[in-house]
Amino acid sequence: MYTQSLSLEQEKQLAVATAEEQAKEAAFQARIDAGDYIEPKDWMPSSYRKTLVRQISQHAHSEIVGMLPEGNWISRAPTLKRKAILLAKVQDEGGHGLYLYAAAETLGTSRDQMLDALHTGKAKYSSIFNYPTVTWADVGVIGWLVDGAAIMNQVPLCRCSYGPYARAMIRVCREESFHQRQGYESLLVMMQNGTEAQKAMVQDAVNRWWWPSLMMFGPPDSDSLHSEQSMRWGIKRNSNDELRQKFVDATVDQAKVLGISLPDPELKWNEERGHWDFGPINWDEFWRVVGGDGPCNRERLATRVRAWDEGEWVREAALAHARKQHTAKEAA
Ligand code: BYC
C-alpha cells in the first residue's frame with residue numbers, strides 16, 4: 001500500500017515535470033519561429049545544445065584543418081603578392097576557427113574537449129580537406145570552388161537561431177568573400193595571360209576539385225540525418241540539396257568567364273526547373289572520405305595532433321603567465 005502510494009506520487013511528479021518540459025520546449029520553439037535569437041544563458045533543449053556543439057565544433061575543426069592544404073603552398077607561392085595574399089587567407093582561417101571554438105564554448109563545452117574529439121577521430125571536419133593540393137592552380141581553385149561553396153553554405157548561417165554562432169558567421173562570411181575573389185582572380189590571370197601549360201594546370205585542378213566541392217554540402221536530403229530538425233530549430237536555413245543546386249547555378253557562368261569546362265557531361269540547363277541539372281555524385285567516395293579513408297585523412301590528423309603536442313610548452317607558458325598576473329593583481 002505504502003509502496004503504491006509512493007509510486008503514484010512519483011508518477012504525478014514525473015507528469016508535472018514532463019508538462020513543464022513540454023511547455024518550455026513549446027515556448028522555445030515559439031521564440032525560434034518568431035525569429036528571436038537564442039543566447040547562451042537562455043533555456044534550450046539539451047538536443048539543441050548538442051546539435052549546435054556538434055555543428056559549430058566541426059565547423060571550427062574544418063577551418064583549422066583547412067589551413068593545411070593551402071599552407072602547403074605558402075613557401076612556394078609564385079610571387080610576393082600571391083604569397084602575401086595566401087598568408088593572409090590562411091591566417092584568416094585560423095581566426096575563423098578561433099571565433100567558432102569560442103562560440104561553441106558558450107554552450108558549455110571546453111576547447112580541450114572539442115580538440116580531444118578531433119584528435120581522437122570522434123569529431124568530423126569537412127571532407128574537402130582530405131584531398132591533396134598538388135599544383136599551384138589548386139590554391140586558386142580552392143579559393144574559387146571551396147570558398148565559393150563555403151560562402152553558399154555559410155551566408156544562411158548568419159541568420160542561425162543561436163546568437164553567438166550567427167554573429168561569428170557574419171565576420172567569417174565577409175572574409176570568405178575575399179577568399180573566393182582572390183582565388184577566382186588568380187585563376188583568371190592564369191587563364192587569360194598564362195601559357196598553355198598553366199591553362200592545362202588550371203583545368204586539371206578544376207577536374208579534381210569539382211566533385212569534392214559538391215560533396216561539401218553534405219549527403220542528399222533523403223540521407224541527411226540532421227537537416228529536418230536543424231531546419232525546424234533555425235540552425236540550418238536551407239537543405240543540403242538546395243544549397244548544392246544554388247552553388248552549381250552560380251558557378252557555371254563563372255566557369256564560362258574563366259574559359260574552363262566543368263567535368264560533368266550531364267551538366268545541362270533545365271528550362272522547366274530554371275536550374276542546371278548535374279550528374280550523379282559519387283556518394284560512396286564521400287562516405288569513404290568522411291569515414292577516415294580519403295587520400296589525406298591520416299596525414300591531416302597526424303599533422304594536427306603533432307601541432308597540438310608540440311604546442312604544449314606554449315600553452316603551459318601562457319597559463320603560467322596568466323597565473324602570475326592573477327597573483328600579482330590579488331596581491332596589489
Ligand atoms: N564533410 O545530417 P547531415 C571552410 C556529416 S570550412 C564531413 O546532413 P548536418 C573553409 C555530418 O556531420 C567548411 N562530414 O549533417 C575552411 C553528419 O555526421 P555526424 C565547413 C559531413 O550537420 C578553410 C552526417 O554527415 N563548413 O569553408 O545537418 C579553407 C550526416 O549529414 C559533411 C561547415 O562546417 C562533409 N562535407 O549538415 C577554406 C558549415 N557533410 O555529425 C574553406 C557548417 C555532412 O552526425 N556546417 N557530414 O557525425 C553545416 O552547415 C552542416 O554541418 C553541413 C552538414 C551542411 C556540413
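Per an unreviewed UniProt entry, the protein chain goes by 1,2-phenylacetyl-CoA epoxidase subunit A and derives from Inhella proteolytica.

How do you make sense of the overall build of the protein chain when you look at a structure like this?
Each helix and strand in the protein chain was counted, giving 13 helices and 2 strands. By its C-alpha atoms, the protein chain is 90 × 65 × 35 Å across when sized along the principal axes. For the protein chain, the proportion of contacts with a sequence separation of at least 24, taken over those separated by at least 6, is 77%. By element, 56% of the accessible surface of the protein chain is carried by carbon and sulfur atoms, the whole surface being about 17800 Å². Of the charged side chains in the protein chain, 39 are positive and 44 negative, and the gap between their average positions amounts to 5 Å.

Is there a simple way to explain helix α2 (residues 46-65) in this structure?
Since there are 3.6 residues in each turn of an α-helix, residues three or four apart along the chain are aligned in direction. If you check α2, its first and last C-alpha atoms are 28 Å apart, about what 20 residues at 1.5 Å a residue would give, namely 28 Å. With respect to burial, α2 is a largely interior element, 15 of its 20 residues being buried.

What exactly am I supposed to notice about the site of the ligand here?
Taken together, the neighbourhood of the ligand is formed by 34 residues, with Lys124, Ser224, Leu225, His226 and Lys236 sitting nearest. Contacts to the ligand include Lys124, whose side-chain N or O atom sits 2.5 Å from an oxygen atom. Here Asn153 contributes a side-chain N or O atom positioned 3.0 Å from an oxygen atom of the ligand. Taking 1000 Å² as the accessible area of the ligand by itself, protein coverage stands at 92%. A total of 6 residues in the shell around the ligand trace back to one element, the largest contributor, which is α2.

Just checking my understanding: could you explain the packing of aromatic side chains for this structure?
Geometry of an aromatic ring pair is reported as the spacing of the ring centres plus the angle between the planes. Summed over all chains, the structure comprises 11 aromatic pairs. Centroid distance Phe28 to Tyr48: 4.8 Å. Interplanar angle 75°. Geometry classified as edge-to-face. Of this pair, Phe28 sits in helix α1 (residues 2-33) while Tyr48 sits in helix α2, and the two are 20 residues apart along the sequence. The exposure classification of Phe28 matches that of Tyr48, with both residues buried. Each residue in the set Phe28, Trp43, Tyr48 and Trp233 is aromatic and connected to the rest through ring pairs, giving one cluster. Against the face of Trp73 rests Arg76, its NZ or CZ located 3.9 Å from the ring centre. Here Arg315 stacks its cationic end above the ring of Trp308, 3.4 Å away from the centre of that ring.

Would you mind going over the side chain of Ser239 with me for this structure?
Looking at the element boundaries, Ser239 is found in the loop between α9 (227-232) and α10 (240-258). Once you skip the residues sitting within four places of it in the chain, Ser239 turns out to touch Asp221 and Met231.

I tried to follow the packing of helix α12 (residues 297-310) against helix α13 (residues 312-331) on my own but got confused; where do I start?
To describe two helices that pack against each other, one gives the angle between their axes and the distance between the axes. For the pair α12 and α13, the least separation of the axes is 4 Å and the interaxial angle reads 40°. The angle between α12 and α13 places the two elements in the oblique class. Along the contact surface, α12 presents Trp308, Asp309 and Glu310, while α13 presents Glu312, Trp313 and Arg315. The residue makeup of the contact of α12 with α13, split by class, is 2 nonpolar, no polar and 4 charged.

Explain the nonpolar core to me, please; I cannot follow it from the model alone.
A general trend in soluble globular proteins is that nonpolar side chains are found buried together. Counting 76 residues, the largest nonpolar core has Tyr48, Trp144 and Tyr162 as its most contacted members. Considering every element that reaches this core, the biggest residue donor is helix α6 (residues 136-154), with 10 residues. Apart from residues no more than four positions distant in its own chain, Trp144 is found in contact with Gln180, Gly183, Tyr184, Leu187, Val206, Thr251, Gln254, Ala255, Leu258, Ile260 and Leu262.

Is there a simple way to explain the pattern of salt bridges in this structure?
Pairing is possible between side chains that carry opposite charge, provided their charged atoms lie close to one another. Tallied over the entire structure, the rule returns 18 salt bridges. Asp36 is the salt-bridge partner of Arg31, the closest N and O atoms lying 3.0 Å from each other. According to the relative accessible area criterion, Arg31 is partly exposed, its value standing at 27%. The class of Asp36 is partly exposed, set by a relative accessible area of 38%. Asp253 is the salt-bridge partner of Lys256, the closest N and O atoms lying 3.6 Å from each other. Taken as a pair, Lys256 and Asp253 lie in helix α10 at a separation of 3 residues, close to a single helical turn. Among the residues examined, Lys256 registers a relative accessible area of 55% and is labelled exposed. Classification of Asp253 as partly exposed rests on a relative accessible area of 45%.

Quick question: what am I supposed to make of the environment of Cys173 here?
One can find Cys173 in helix α7 (residues 163-193). The class for Cys173 is buried, based on a relative accessible area of 9%. When the C-alpha atoms of Cys173 and Cys158 are compared, they prove to be 8.2 Å apart, with 15 residues separating the residues in sequence. Not counting chain neighbours up to four residues away, the residues in contact with Cys173 comprise Gln154, Val155 and Cys158.

Explain a negative patch on the surface here, please?
Residues Asp309, Glu310, Glu312 and Glu316 make up a contiguous surface patch of negative charge. Counting residues per element, the ones that place at least two in the negative patch are α12 and α13. As for its position among the elements, Glu310 is in helix α12.

Cut-offs applied
Residues numbered from 1 in each chain as written. Predicted model: local features only at pLDDT ≥ 70, side-chain atom pairs only at ≥ 80, totals over all residues. Heavy atoms only, no water. Helix = DSSP H or I, 4+ residues; strand = E, 2+ residues; numbered from the N terminus. Contact = heavy atoms within 4.5 Å. Areas by Shrake-Rupley, 256 points an atom, 1.4 Å probe, with all protein chains shown as cover. Lys, Arg positive; Asp, Glu negative; His and termini not counted. Charge placed at Lys NZ, Arg CZ, Asp CG, Glu CD. Expected span 1.5 Å × (residues − 1). Buried < 20%, exposed > 50% of the residue type's maximum accessible area, 1.4 Å probe, protein only. Near = heavy atom within 4 Å. Polar contact = N/O pair within 3.5 Å; in protein donor to acceptor, adjacent residues only side chain to side chain. Phe/Tyr/Trp six-rings, centres within 6.5 Å; stacked < 30°, edge-to-face > 60°. Lys NZ or Arg CZ within 6 Å of the ring centre and 35° of its normal. Axes fitted to C-alpha atoms, helices over the stretch in contact; angles between N-to-C directions. Parallel < 35°, antiparallel > 145°, perpendicular 65-115°, else oblique. Nonpolar A, V, L, I, M, F, W, Y, C, P; charged D, E, K, R; others polar. Core = buried A, V, L, I, M, F, W, Y, C linked by side-chain atoms within 4.5 Å. Salt bridge = Lys/Arg side-chain N within 4 Å of Asp/Glu carboxyl O. Patch = residues over 30% accessible without salt bridge, like charges linked within 9 Å, V, L, I, M, F, W, Y side chains within 5 Å.

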